[in-house]
Number of protein chains: 2
Amino acid sequence: MIDGFDAKLLAALQRDNQQTGAQLAEKVGLSSAACLRRAQRLREEGVIVADVSVVAPEKVGRGLTMIVLVEMERDQAELLESFKARMRAAPEVMQCWYVTGRADFVLTLTMRDMADYQAFTTRHFADPNVRGYETLVSMDAVKRTGATPVSID
Amino acid sequence: MIDGFDAKLLAALQRDNQQTGAQLAEKVGLSSAACLRRAQRLREEGVIVADVSVVAPEKVGRGLTMIVLVEMERDQAELLESFKARMRAAPEVMQCWYVTGRADFVLTLTMRDMADYQAFTTRHFADPNVRGYETLVSMDAVKRTGATPVSID
DNA sequence: GTTGAAAGGTTATTACG
DNA sequence: CGTAATAACCTTTCAAC
C-alpha cells in the first residue's frame, strides 16, 4: 500500500510541502507527474491528513508555551467529552492528548504571558470535574516538527 | 507589523496552505496577488517558519503515541545539550520540550508498538544522566492542529 | 508603501503511449 | 510510469491610491 517511493515522498512533503513537482522528482526518483499523482492519492487515502503553514508563536506575541497535565475528578464519559470539546474549541490549545497514567490529559498551550495563563486556568480548570493540574513551562522548543517517520513495510 | 489581513491570512494558511490565491482572496478580503505577496513576506520575515504536510501516524503503522516526562540527574549544560541533540536526531521523537517543573523534558513519541518503545527507552534512557522517566500513553488525539492563534496587536 | 489588474512565465494536471 | 499538450496558477509589472 505504501512503497519506498511514497516513503521518500512523505519525508520530503513533511519537510516542505511547497516544493514543485520537479524538486520532488529529484528527491524521490520519479517524474514530476508521478510525484504529484502520488501526493494527490496519499491525500485522498487520508495518509496525508492536512497541509499547513507553521507559524512561529513568538513572532505573533505568544512567547510562552506550556505543557499542562490535567487530572479529572472521575472518568465519566460525558464529562470527559465536554472537556474534550472545550479544549478543541479553545484557540490557545495547540494540542490535547487524552492519556493513561498519572494524568488524564496533556495539553500544549500557547500564551502571551502569565496573566493570559492565569485567565485560562480560571476559565477552564475551575470545572469541579478537574481534580488538579500541573504546569510545565517551556524554556526551549528543542524539536517541534511533529513529523512521522515512514518506513516501507 | 501584522495587521488584520495578515491575521486572517495566517489563520487560513494554518488550516490549509494549499489553497490558491483566489481561495485565500475570498477569506482575507484582498486580491489574489496581495494575498500571495503577503504570504511570501511572512515567510521571509520568519512568521511562517515552515510549510508541511501532516501525516496520520496510524496510516503508516504508527498507532502508538506517547508522552514521556524525563527527569535528568543534574542540570549540567553539556549533558543537556547532548540529550537535546539526540532527541533532535531521533525520528520517533515528534516533539521535545525543555521545561521547568517536575520534569526536565517532555517528549512526544510515535511508535509502532510497545516493543518499539521498549527499544527506544533502553537506547536513550539508559543514559546515567537520566534519573528517571514517566510514560503517558495516548488513547485519543483530541486535538493536534498545533496552530497558533493570531490576533491583531 | 500597498493595492488591483493584466501580462508573462512557471507549474500542475491530464491524455496518451 | 513517462512524455507532452493543456489548463491552472503564481509572479511581476505598472498605474493609481
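Look above for the structure.
Computed from a predicted model, the values in this text were never measured in an experiment.

K.L.:
How do you make sense of the relation of the copies chain B and chain A when you look at a structure like this?
P.N.:
One copy of the chain maps onto the second through a rotation around an axis plus a translation along that axis. Relative to chain A, chain B is turned by 180° and slid 0.0 Å along the rotation axis, the superposed coordinates differing by an RMSD of 0.0 Å. Taken together, the rotation and translation relating the two chain copies correspond to the operation of a two-fold axis. When C-alpha distances to the rotation axis are compared across chain B, the minimum falls at Val52 of chain B, with a value of 2.8 Å. Both copies present the same face, since 100% of the interface residues in chain B are matched by interface residues at the equivalent positions in chain A.

K.L.:
Help me out: how do you make sense of the interface of chain B and chain A in this one?
P.N.:
Quite often, the size of an interface is put as the accessible area lost when its parts meet. Contact with chain B, which involves 68 residues of that partner, is made by 68 residues of chain A. In total, chain B and chain A occlude about 6,100 Å² of area from one another, counting both sides; carbon and sulfur atoms represent 57% of this. The largest contributions to the chain B side of the interface with chain A come from Trp97, Val142 and Lys143 of chain B, which together make up 13% of the buried area. Linking chain B with chain A are 4 salt bridges, by the criterion used here. With its nearest N and O atoms 2.8 Å apart, the salt bridge here joins Lys84 of chain A to Asp140 of chain B. The interface formed by chain B and chain A includes 50 residue pairs in polar contact (both at pLDDT 80 or more). Within the residue set of the side of chain B that touches chain A, elements represented by two or more residues are helix 1 (4–15), strand 1 (48–55), strand 2 (64–72), helix 4 (77–89), strand 3 (93–99), strand 4 (105–111) and strand 5 (130–143) of chain B. It is strand 5 of chain B that provides the largest number of residues to the side of chain B that touches chain A, a total of 10 residues.

K.L.:
Would you explain the pattern of salt bridges in this entry?
P.N.:
When the charged atoms of two side chains with opposite charge come close together, those side chains can pair. A complete count under the given rule lists 32 salt bridges over all chains for this structure. Of the charged contacts in the structure, one is a salt bridge between Glu92 of chain A and Arg123 of chain A, with a shortest N-O distance of 3.4 Å. In this pair, Glu92 of chain A is assigned in the loop between helix 4 (77–89) and strand 3 (93–99) and Arg123 of chain A in helix 5 (residues 114–124), connecting sequence segments 31 residues apart. On the basis of relative accessible area, Arg123 of chain A is assigned to the partly exposed category, the value being 47%. Across the pair Glu81 of chain B and Lys84 of chain B runs a salt bridge, and its minimum N-O distance is 3.6 Å. Placement of the pair is Glu81 of chain B and Lys84 of chain B together in helix 4, with a separation of 3 residues, close to one helical turn. Salt bridges here are not isolated pairs; linked through shared partners, they connect Asp3, Asp6, Arg38, Arg41 and Glu45 of chain A.

Quick notes on the rules
- Residues numbered from 1 in each chain as written.
- Chains lettered and ligands numbered in written order.
- Predicted model: local features only at pLDDT ≥ 70, side-chain atom pairs only at ≥ 80, totals over all residues.
- Heavy atoms only, no water.
- Least-squares fit on C-alpha atoms with pLDDT ≥ 70 in both.
- Contact = heavy atoms within 4.5 Å.
- Buried area = accessible area lost by both parts, 1.4 Å probe.
- Salt bridge = Lys/Arg side-chain N within 4 Å of Asp/Glu carboxyl O.
- Polar contact = N/O pair within 3.5 Å; in protein donor to acceptor, adjacent residues only side chain to side chain.
- Helix = DSSP H or I, 4+ residues; strand = E, 2+ residues; numbered from the N terminus.
- Buried < 20%, exposed > 50% of the residue type's maximum accessible area, 1.4 Å probe, protein only.

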